[in-house]
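# Tertiary structure, described
As a plain string of letters, each chain reads:
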Amino acid sequence: MSAPQQPYVQDMPPQGGFARVQYKRNIPARGPSGAALFAGLTALVAYGWYWNIQGIRERREIRREQTWARIHLVPMLQAEQDRHEARMLAQQEEIERKAMKDVPGWKVGEKVYHTDRYVPPTVLVADNKFLNLF
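Small disclaimer: the values here were computed from a predicted structure and weren't measured. (Residues numbered from 1 in each chain as written. Predicted model: local features only at pLDDT ≥ 70, side-chain atom pairs only at ≥ 80, totals over all residues. Heavy atoms only, no water.)

### What to know about the overall build of the protein
Filter applied, for reference: Secondary structure counts use DSSP, requiring at least four H or I residues in a row for a helix and at least two E residues in a row for a strand, with both numbered from the N terminus. Only protein chains enter the accessibility calculation, which uses a 1.4 Å probe; a residue is then buried when its area is under 20% of its type maximum, exposed when over 50%, and partly exposed in between. Here the open area of atoms and residues is found with the Shrake-Rupley method and a 1.4 Å probe, where only the protein chains shown may cover a residue.
For the protein, the helix and strand inventory stands at 1 helix and 2 strands. Overall, the protein shows an N-to-C arrangement of helices and strands of α-β-β. With 134 residues in all, the protein has 2% of them scored as buried. On the protein, roughly 13500 Å² of surface is accessible, and the fraction owed to carbon and sulfur atoms is 60%.

Shown next as structure tokens:
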């Protein structure tokens, strides 16, 4: 004989449901948030650009002052060059006078090409250096 049949009862959750299953890791936040890092980086870059632009302005002002100083010094330097050329010409004529004193009909300081036109040597100003081109 078989055992008496018991009525079928479905297994149900407890009243109010089961407890939640914890599937996330509970890791505490370390350090500043992403937004705080981004804000800090933006502030740092802005600060760097500010000083970079200030340096560019300072260098531009120094370059402008140097340019004007050179512009104002050119007449004085040209006069100095002219005096130097006059001294050298007088010295060369004196050497020519001593060397050619025994040659009859020699004229000291006479131009080779028989012209009265004076062409001074060209002076170029480039990077704080004077280049004499003869």
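### Here's the deal with the pattern of salt bridges
Once the charged atoms of two side chains with opposite charge are near each other, the side chains can pair. The condition that has to hold: Only one rule defines a salt bridge in this text: a Lys or Arg side-chain nitrogen within 4 Å of an Asp or Glu carboxyl oxygen.
The tally for this structure, following the rule as stated, stands at 3 salt bridges. Across the pair Glu94 and Arg97 runs a salt bridge whose closest N-O atoms are separated by 3.1 Å. In this pair, Glu94 and Arg97 both sit in helix α1 (residues 34-99), 3 residues apart, roughly one turn of the helix.

### Observations concerning the UniProt feature "transmembrane region" (unreviewed entry) in the protein
Our working rule: UniProt positions are given in the numbering used here, feature names are shortened, and annotations may be inferred rather than shown by experiment.
According to UniProt, the "transmembrane region" (unreviewed entry) feature falls on residues 34-53. Along residues 34-53 one finds 100% helix and 0% strand; the C-alpha atoms at either end are 28 Å apart.

### Here's the deal with a positive patch on the surface
What counts here: Without a salt bridge and with relative accessible area above 30%, a residue can belong to a patch; like charges are then joined within 9 Å and nonpolar side chains (Val, Leu, Ile, Met, Phe, Trp, Tyr) within 5 Å. We treat Lys and Arg as the positive residues and Asp and Glu as the negative residues; His and chain ends play no part in the count. All charge positions are set by atom: Lys at NZ, Arg at CZ, Asp at CG, Glu at CD.
On the surface, a cluster of positive charge is contributed by Arg57, Arg59, Arg60 and Arg63. Within the secondary structure, Arg60 is located in helix α1.

### Section: the confidence of the model for the protein
Going by this rule: pLDDT measures the predictor's confidence residue by residue and takes values from 0 up to 100. By the convention used here, residues are in contact when the closest approach between their heavy atoms is within 4.5 Å.
Across the protein, the average pLDDT comes to 84, with 86% of residues at 70 or higher. By mean pLDDT, strand β2 (residues 129-133) is the weakest element of the protein at 48, and α1 is the strongest at 93. Confidence drops under a pLDDT of 50 for residues 129-134, and excluding neighbours within four residues, the segment shows 15 contacts in the predicted structure.

### Observations regarding α1
Note the cut-off: A helix's residues, less one, multiplied by 1.5 Å, set its expected span. What we call the bend at a residue is the angle made by axes fitted to the seven residues finishing there and the seven residues starting there.
With 66 residues, α1 extends 91 Å between its outermost C-alpha atoms, agreeing within 8% with the 98 Å of an ideal straight helix rising 1.5 Å per residue. Taking the largest bend as the criterion, α1 deviates by roughly 35°, centred on Leu73, and proline Pro75 comes between one and four positions later. All of the buried residues along α1 are Gly55, Gln81 and Glu85.

### With respect to the packing of aromatic side chains
Here is the rule: Ring pairs are drawn from Phe, Tyr and Trp, using the six-membered ring of Trp, whenever the two centres fall within 6.5 Å, and their geometry is named by plane angle: stacked under 30 degrees, edge-to-face over 60, tilted for the rest.
Tallied over the entire structure, the rule returns 2 aromatic pairs. Residues Tyr47 and Trp51 carry aromatic rings whose centres are separated by 6.3 Å and whose planes lie at 75° to one another, so their mutual orientation is edge-to-face. Of this pair, Tyr47 and Trp51 both sit in helix α1, 4 residues apart, which is roughly one turn of the helix. Among the residues examined, Tyr47 registers a relative accessible area of 52% and is labelled exposed. Residue Trp51 is classed as partly exposed on the basis of its relative accessible area of 48%. Centroid distance Tyr50 to Trp51: 5.1 Å. Interplanar angle 75°. Geometry classified as edge-to-face. Taking relative accessible area as the criterion, Tyr50 reaches 46% and is therefore assigned partly exposed.

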